Amino acid sequence: MEKAITSEVVSFEDFKNEVLNDYKIGRISRECSLLGRKEVLTGKAKFGIFGDGKEVPQLAMAKSFLEGDFRSGYYRDQTFMMAIGHLTIEQFFAGLYGHTDINFDPMSAGRQMGGHFATHSLDENGNWNNLTEQKNSSSDISPTAGQMPRLLGLAQASKIYRNVSGIDQTNFSKNGNEVAWGTIGNASTSEGLFFETINAAGVLQVPMVMSVWDDEYGISVHARHQTTKENISEILKGFQRDADNKGYEILRVMGWDYPSLVETYQKAAEIAREEHVPVLVHVQELTQPQGHSTSGSHERYKNEERLAWEAEFDCLTKMKTWLVDNNIAALEELDAIDNQAKKDVLEGKKTAWSNFINPIKAEQQELVSLLNSIASESANKVFIEKIANDVASIKEPIRKDILTGARKVLRLIITENSRASLASWIENYTEKIQPKFSSHLFSHSKKSVTNIKETAATYDATAEEVDARLVLRDNFDAIFSKYPETLIFGEDSGNIGDVNQGLEGMQEKYGELRVADVGIREATILGQGIGMAMRGLRPIAEIQYLDYLLYAIQIMSDDLATLQYRTAGRQKAPLIIRTRGHRLEGVWHSGSPMGMIINAIRGIHVLVPRNMTKAAGFYNTLLESDEPALVIECLNGYRLKEKMPTNLGEFKTAIGLVETIKTGTDITLVGYGSTLRLVEQAANELESVGISAEIIDIQSLLPFDINHDIVKSVAKTNRLLVIDEDVPGGASAYILQEIIENQKAYQYLDSAPQTLTAKPHRPAYGTDGDYFSKPSAEDIFEKVYAIMNEANPSKYPNLY
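As the structure is a computational prediction, the values presented were derived from the model and not from experiment.

(A) Structural detail: the overall build of the protein chain. Counting secondary structure elements, the protein chain contains 27 helices and 22 strands. In terms of overall dimensions, the protein chain is globule-like: its C-alpha atoms have a radius of gyration of 30 Å, near the 28 Å expected for 800 residues. With the C-alpha coordinates aligned to their principal axes, the bounding extent of the protein chain is approximately 100 × 85 × 45 Å. Counting over 800 residues, the protein chain shows a buried share of 60%. In the protein chain, the proportion of contacts linking residues at least 24 apart, taken out of those at least 6 apart, comes to 78%. Between the averaged position of the 83 positive side-chain charges in the protein chain and that of its 109 negative side-chain charges there is a distance of 4 Å.

(B) Structural context of the nonpolar core. With 87 residues, the main nonpolar core has Met594, Leu701, Ile735 and Ile739 as its most contacted residues. Excluding anything up to four places from it in sequence, Ile735 contacts Val670, Tyr672, Ile698, Leu701, Phe704 and Val722. Counting 86 residues, the second-largest nonpolar core is a separate cluster that includes Met81, Leu87, Leu251 and Ile337.

(C) Quick peek at unusual backbone geometry. Geometrically, the link from Leu702 to Pro703 is a cis peptide bond, its omega value of 0 degrees lying close to zero. Secondary-structure assignment places Pro703 in the loop between strand E20 (700-702) and helix H24 (709-717). For Asn175, which is not glycine, the phi dihedral falls at a positive 60 degrees. Residue placement: Asn175 occurs in the loop between helix H5 (147-163) and strand E3 (180-185). Note on Asn175: relative accessible area 43%, which makes it partly exposed. Positive phi is not limited to glycine here, since Asp705 has a value of about 40 degrees. Here Asp705 is to be found in the loop between E20 and H24.

(D) Structural detail: the sheet that holds strand E8 (residues 279-284). Read from one edge of the open sheet, 6 strands run E2-E1-E3-E4-E8-E7, paired in parallel fashion. Each edge of the open sheet is held by one strand with a lone partner, namely strand E2 (136-137) and strand E7 (249-254). Both E7 and E8 contribute to a ladder of 6 bridges, which runs parallel. By the bridge assignment for E8, Arg252 is matched with His282.

(E) Focus on the environment of Glu465. Note on placement: Glu465 falls in strand E9 (residues 465-467). C-alpha separation for the pair Glu465 and Lys643, spaced 178 residues apart in sequence, amounts to 4.5 Å.

(F) Up close: the pairing of E8. Within E8, 6 of the 6 residues are buried, which leaves the element mostly enclosed by the surrounding structure. On E8, burial covers both faces: Val279, Val281 and Val283 on one face and Leu280, His282 and Gln284 on the other are all buried. Bridge count for strand E4 (residues 208-213) against E8 is 5 bridges, and the pairing is parallel. Opposite Ser211, over in E8, you have Val281 as the bridge partner.

(G) Broad picture of the pattern of salt bridges. Summed over all chains, the structure comprises 48 salt bridges. Close ionic contact of Asp338 with Arg27 constitutes a salt bridge, the shortest N to O distance being 3.1 Å. Here Arg27 lies in helix H1 (residues 12-41) and Asp338 lies in helix H11 (residues 331-375), a separation of 311 residues in the sequence. Residues Asp338 and Arg27 agree in their burial class; the two are buried. Here Lys54 and Asp215 are joined by a salt bridge, their closest N and O atoms 3.0 Å apart. With Lys54 in the loop between H1 and helix H2 (55-63) and Asp215 in the loop between E4 and strand E5 (217-218), the pair connects residues that are 161 residues apart, well separated along the chain. Residues Lys54 and Asp215 agree in their burial class; the two are buried.

(H) The arrangement of the packing of aromatic side chains in detail. All told, the structure shown has 28 aromatic pairs when counted by the stated rule. Aromatic side chains Tyr545 and Tyr548 sit 5.7 Å apart centroid to centroid with 70 degrees between the ring planes, which places their arrangement in the edge-to-face category. Among the aromatic residues, those joined into a cluster by ring pairs are Phe50, Phe92, Phe93, Tyr97, Trp353 and Phe356. The positively charged end of Lys318 is found above the aromatic ring belonging to Trp256, 5.0 Å away from the centroid. In this structure, Lys318 packs its charged tip against the face of Phe313, placed 4.4 Å from the ring centre.

(I) Up close: the packing of H1 against helix H4 (residues 89-97). Close contact between H1 and H4 brings their axes to 11 Å; oriented N to C, the two are set at 25 degrees. With respect to H4, the element H1 is oriented roughly parallel. In the crossing of H1 with H4, the sense of the turn from one axis to the other is right-handed. Taking contact as the criterion, the partners of Ile28, Cys32, Ser33, Leu35, Gly36, Glu39 and Val40 in H1 are, on H4, Ile89, Phe92, Phe93, Leu96 and Tyr97. For the contact of H1 with H4, a count of residues per class yields 9 nonpolar, 2 polar and 1 charged.

(J) Just the packing of H11 against helix H12 (residues 381-392), in detail. Where H11 meets H12, the axes come as close as 9 Å, and the angle between the chain directions of the two elements is 165 degrees. Put simply, H11 runs roughly antiparallel to H12. Every pair of crossing elements has a handedness; the one defined by H11 and H12 is left-handed. Across the interface between the two elements, Gln364, Val368, Leu371, Asn372, Ile374 and Ala375 of H11 pack against Lys381, Ile384, Glu385, Ala388, Val391 and Ala392 of H12. When its residues are assigned to classes, the contact of H11 with H12 shows 8 nonpolar, 2 polar and 2 charged.

(K) Molecular detail of helix H10 (residues 315-325). Buried residues of H10: Cys315, Leu316, Met319, Lys320 and Leu323, and no others. Angular distribution of buried residues about the axis of H10 spans 140 degrees; they occupy a single face of the element. Among the structural elements, H1, H2, helix H8 (258-275) and H11 are those in contact with the buried residues of H10. N-cap assignment for H10: the residue whose side-chain oxygen lies 3.0 Å from the backbone N of Leu316 is Asp314. Two residues or fewer past H10, Asn327 is found with a positive phi of approximately 55 degrees.

(L) Representation of the sheet that holds strand E10 (residues 486-490). Spatial strand order, E11-E10-E12-E13-E15-E14-E20: 7 strands in an open sheet with mixed pairing. Lying at the two open borders of the sheet, with one neighbouring strand each, are strand E11 (515-517) and E20. When strand polarity is set aside, the average angle formed by the axes of neighbouring strands in this sheet is 20 degrees. Packed on one face of the sheet, helix H16 (residues 468-482) meets E10, E11, strand E12 (538-542), strand E13 (576-581) and strand E15 (629-634) and runs near 135 degrees to E10.

(M) Structural detail: the environment of Leu575. In this structure, Leu575 sits in the loop between helix H20 (563-566) and E13. In this structure Leu575 comes out as buried when scored by relative accessible area, which is 0%. Spatially, the C-alpha atoms of Leu575 and His292 are 34 Å apart, while their sequence positions differ by 283 residues. Not counting the four nearest positions on each side in its chain, Leu575 is found in contact with Leu526, Gly529, Ile530, Ala533, Pro539, Ala541, Leu560, Glu627, Pro628 and Ala629.

Calculation criteria
Along each chain, numbering runs from 1 in the same order as the chain's sequence is written. Reporting in this predicted model follows two pLDDT cut-offs: at least 70 for local features of residues, and 80 or more for side-chain atom pairs to be given and counted; totals over whole chains, interfaces and linings ignore these cut-offs and use all residues. To get the side-chain values, all heavy atoms of the structure are used, and hydrogens and water are removed first. Secondary structure is summarised from DSSP: a helix means a run of H or I of at least four residues, a strand means a run of E of at least two, and numbering begins at the N terminus for each. C-alpha atoms define the radius of gyration, and 2.2 Å times the number of residues to the power 0.38 defines the globule rule. Relative accessibility under 20% of the residue-type maximum defines a buried residue, over 50% an exposed one, and the middle range a partly exposed one, all with a 1.4 Å probe and only protein chains included. Whether two residues touch is decided by their heavy atoms; if any such pair falls within 4.5 Å, the residues are in contact. For this count, His and the chain ends are skipped, Lys and Arg are scored as positive, and Asp and Glu as negative. Where a charge lies is defined by one atom per residue type, namely NZ (Lys), CZ (Arg), CG (Asp) and CD (Glu). Buried residues of nine kinds, namely Ala, Val, Leu, Ile, Met, Phe, Trp, Tyr and Cys, make up a nonpolar core once their side-chain atoms join them within 4.5 Å. A pair of strands is treated as paired once DSSP finds two or more bridges between them. What counts as a salt bridge is simple: a side-chain nitrogen of Lys or Arg found within 4 Å of a carboxyl oxygen of Asp or Glu. Aromatic pairing here means that ring centres of Phe, Tyr or Trp (its six-membered ring) are within 6.5 Å. Orientation follows from the plane angle: under 30 degrees is stacked, over 60 is edge-to-face, and everything else is tilted. For a Lys NZ or an Arg CZ to count as sitting over a ring, it must be within 6 Å of the ring centre and within 35 degrees of the ring normal. Working convention: axes come from line fits to C-alpha atoms, limited for helices to the stretch in contact. Angles between N-to-C directions cover 0 to 180 degrees. Orientation labels follow simple angle bins: below 35 degrees gives roughly parallel, above 145 gives roughly antiparallel, 65 to 115 gives roughly perpendicular, and whatever is left gives oblique. By convention the crossing between two helices is left-handed if the near helix lies anticlockwise of the far one by an angle smaller than a right angle, and right-handed if it lies clockwise. Under this grouping Gly is polar, as are all residues other than the nonpolar Ala, Val, Leu, Ile, Met, Phe, Trp, Tyr, Cys and Pro and the charged Asp, Glu, Lys and Arg. The arc refers to the directions leading from the helix axis to the C-beta atoms. Polar contacts, as used here, are pairs of N or O atoms within 3.5 Å; protein pairs need one atom able to donate a hydrogen and one able to accept it. Residues neighboring in sequence count only if both atoms are side-chain atoms.

Spelled out as structure tokens, the structure:
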């Protein structure tokens, strides 16, 4: 697809060629939408959501989008992606079909539905490309407005690169001149994430151009039900900057007015790029010719008058009229472009389908041949031949059809000699195909956390015992000195050095951009981190307390946790999320919703250090890796005493390894975080009654005990108790499954494995509330004693 001309001074002929090329791209995009819908309705594709009706403003936006810029967008932006040279007809249909080869569907290798776009920030080995020499799109997600928090961080990265000295900008920025471009539908501006991001960008003054595609509907619901005054720019006009106040530049333009759109986007780009001022572009009077998606028709909810208006004000129809009226092109010339676009799209669709289906047909033929061979020697020949014929008769097979047929035949030949060959084929086929759907949940690069070895903290002989928060503080000091690209931000993180003084003095030393206070807005704190990490910085996003993480869990789950997975390893955001939690006295800040967290954010490491030295070691490890992680510091541990290490910034806590902190012979006690101190207390008291408990600190919930050391302990003690502050069935259920099922510890148990958890509610206020809501030392003692009583009642008589 031709690349649009962007030079400022052009001849009429060059101008004409550029404009006609824009029109051609728009027409190709429209034909892709129309034919794409047919592919869904005929069953070749599963679902379609297209960008028809939004073509012209996207063409205009693309003209001001430069190398190094980033898009964080909306699943209607196919025309824009075509205009910047990152989406071909064949790739459009490959995405629609779910082609699992990234060479054909570079957006997601078939993992996302069509309409979700991305460029490659990484090479096949997980190394950064030069982002300043390409036009970039962060990977889309479906949740409406979910692209907004990330957009904030993508824009903020330019501000950091422009204003913080000492950072190596190679591959990532040219003095912060890059603009982050956001797009969203008008109805999705009703989401809280939109408003939160708009406010934060205005406060931070970052180079962001936010486009709202306004077609007056959100699926079938009219704007009068979506937006006060039915006009997002009207209700945001208080954000307009003036001579005395920083804010936004707010621009309005009609979505069918090509020259005005080009002018508007040139103005928006200049303001954002040069002044680092956010711009809102409200693109009005757009249409959606096929309705929201292939799941329904817009004729059901639009009246005849509205449909007639949409036909008249279709942006491509208006552009065509403008071209003719201004003598830029004759109608016949434009009709020829229209006809050629239909042919090109049809041919591209056919090519994409052949590329998608032919490898699967080859696999189909391979299996059918094997099944027929097996049938010829089987007592179940008739049944096997029927399955083989059924598989062979599928004209447009999918891999499910192939593997289902093979597995059904395997059941028929369990006792026959041919079983081994078919079983081997199934295993080899699954081993080959499964990664197409499951790879890259975590990094495959050399910087994977599993490649970073533990480095012990070292101490002087005269090492003093200090408040543990000082270990964190001094380690952060070492980090900020060692890594100029590292920065931290959160509520109260800057001026006062965080609520527990773990950052005391850091803002004064490293400046307000590197150690920053932010507003009370957890989702966009996460978004800042995601976007900046995607642009080569090493942010640490601080969420003040563990229960506040709930505000950000959607962004963590849908965006950060899936990023490497949904791009098949071609984008990454090695963000560190810092928070604190577990034991405290009260309903708030003392809950430990770990089960919810670990099951919502697979793709992010979840680290639960028992003290601040371990936490500091995790930060040091993570800054050498390229993966995202959540570090949960113990809320009641900052004032406890720990020795000050001599190798600050260098010692590393291994991720995925457990630590045995007390050896024993009678029972294995497994826990993490603050509760371990109570476990240790109980274990010491158990010694007085002759019970020897081994204590294992999990340290890392995701990944979990990759060396399977816990099962080695259970093999010795033959008993297991998991102690957890989460509710019943929370993290304890996950831990138990890991040990009993995955590590197969069941074969060593002489007693039933058990859990001791908090009560199924938030902890009540006060010390008594904590005691009666979460496991106490007495609870742990008595639980262990009861297990030993069951095993040997004469030695351990009933307590009650």
